[in-house]
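Listed below are the residues making up each chain.
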Amino acid sequence: MHVLLAGIVGSTAYGLAHAGSDIDRLGLFAAPTVDFHGLHRPAESHVTTAPDRTLHEAAKWCRLALSCNPTASELAWLPEDLYEVRTPLGEELVGIRRSFLSGHAVRRSYLGYATQQFRKLTTRDTADPTARARAAKHARHLVRLVEQGLALHETGEIVVRLADPERVRALGERYAERPDEAAGLLAAAEARFDRPGVLPERPDEAPAEAWLRRVRAVHLAAAA
């Protein structure tokens, strides 16, 4: 396995980590090209919990990024200090990151995932302390997804590190207590998404295709 790009994501990257937070890592790797020629294709993802790390094969990561999956996409937009592996091919990928973006997919993905967090928020029994803490976490992620999605729609940039994490924490606590107010946040976000944004309607797949072919050429031989 050849890791091309990897870094620290999740709460640490957003600025929402606390003393007991896990450190989440995300990366992408290139499987040997010859492995795609046999009866069984190589695994597309490797996930471990100790440490918490997810690695996606290059082609799978590209598909996720072309659909504007929030978690996968942020790997190409991390602050410099959060990268732990950045090879020349990984650097190339960061250089073409805007070509993966499209207005329709950003709205569908970011609002879709935010709505999922809202549903989890509204089904928690906040009288239970553990459930109450989880509700606040869902609410924080709801706020983050809305803010990141709108920034993408209006500026064409993924902002991973939140400008005001304390504000997001405070809103998380507020929405955990009063989930109906989070519904208003989602409605306001939908209204802003209805306005024209800066992203193209469709992603430009050509740079991703060319990059992936370079990856396959470099990793043609089987691993020693």
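> Help me understand the side chain of Arg 97 in this model?
Within the element layout of this structure, Arg 97 appears in the loop between α4 (88-95) and α5 (103-122). For the buried Arg 97, which has no salt bridge, the nearest side chain bearing the opposite charge is Glu 157, at an N-O separation of 4.7 Å. A distance of 2.9 Å separates the side chain of Arg 97 from the backbone oxygen of Ala 76, its partner in a polar contact. In contact with Arg 97, not counting residues within four places along its chain, are Ala 76 and Trp 77.

> Help me understand the environment of Leu 66, please; the structure alone is not making it clear to me.
Tracing the sequence through the fold places Leu 66 in helix α2 (residues 58-66). As for Leu 66 and Phe 100, which are separated by 34 residues in sequence, their C-alpha atoms are 4.8 Å apart. Residues in contact with Leu 66, not counting those within four places in the same chain, are Phe 100, Ala 105, Pro 203 and Glu 205.

> It is not clear to me how the pattern of salt bridges should be interpreted in this structure. Could you clarify?
Two side chains with opposite charge may pair up if their charged atoms get near one another. All told, the structure shown has 17 salt bridges when counted by the stated rule. Here Glu 84 makes a salt bridge to Arg 25, at a shortest N to O gap of 2.8 Å. With Glu 84 in strand β5 (residues 83-86) and Arg 25 in strand β2 (residues 24-30), this pair connects stretches of sequence that are 59 residues apart. Glu 84 sits in the partly exposed class, given a relative accessible area of 43%. Between Asp 81 and Arg 161 there is a salt bridge, with its nearest N and O atoms 3.2 Å apart. Of this pair, Asp 81 sits in the loop between α3 (70-73) and β5 while Arg 161 sits in the loop between α6 (129-155) and α7 (165-177), and the two are 80 residues apart along the sequence.

> Just checking my understanding: could you explain the packing of aromatic side chains for this structure?
Aromatic rings in a pair are described by how distant their centres are and how their planes are angled relative to each other. The full count for this structure, using the stated rule, is one aromatic pair. Each ring, one from Trp 61 and one from Phe 100, has its centre 5.3 Å from the other, and the planes form 75°; the classification is edge-to-face. In this pair, Trp 61 sits in helix α2 while Phe 100 sits in the loop between α4 and α5, placing the two residues 39 residues apart along the sequence. Each member of the pair Trp 61 and Phe 100 is classed as buried. The ring of Tyr 83 has Arg 86 sitting right over it, with the charged end atom 4.7 Å from the ring centre. Here the basic side chain of Arg 97 rests over the ring of Trp 77, its NZ or CZ set 3.9 Å away from the ring centre.

The rules behind each value
- Residues numbered from 1 in each chain as written.
- Predicted model: local features only at pLDDT ≥ 70, side-chain atom pairs only at ≥ 80, totals over all residues.
- Heavy atoms only, no water.
- Helix = DSSP H or I, 4+ residues; strand = E, 2+ residues; numbered from the N terminus.
- Buried < 20%, exposed > 50% of the residue type's maximum accessible area, 1.4 Å probe, protein only.
- Lys, Arg positive; Asp, Glu negative; His and termini not counted.
- Salt bridge = Lys/Arg side-chain N within 4 Å of Asp/Glu carboxyl O.
- Polar contact = N/O pair within 3.5 Å; in protein donor to acceptor, adjacent residues only side chain to side chain.
- Contact = heavy atoms within 4.5 Å.
- Phe/Tyr/Trp six-rings, centres within 6.5 Å; stacked < 30°, edge-to-face > 60°.
- Lys NZ or Arg CZ within 6 Å of the ring centre and 35° of its normal.

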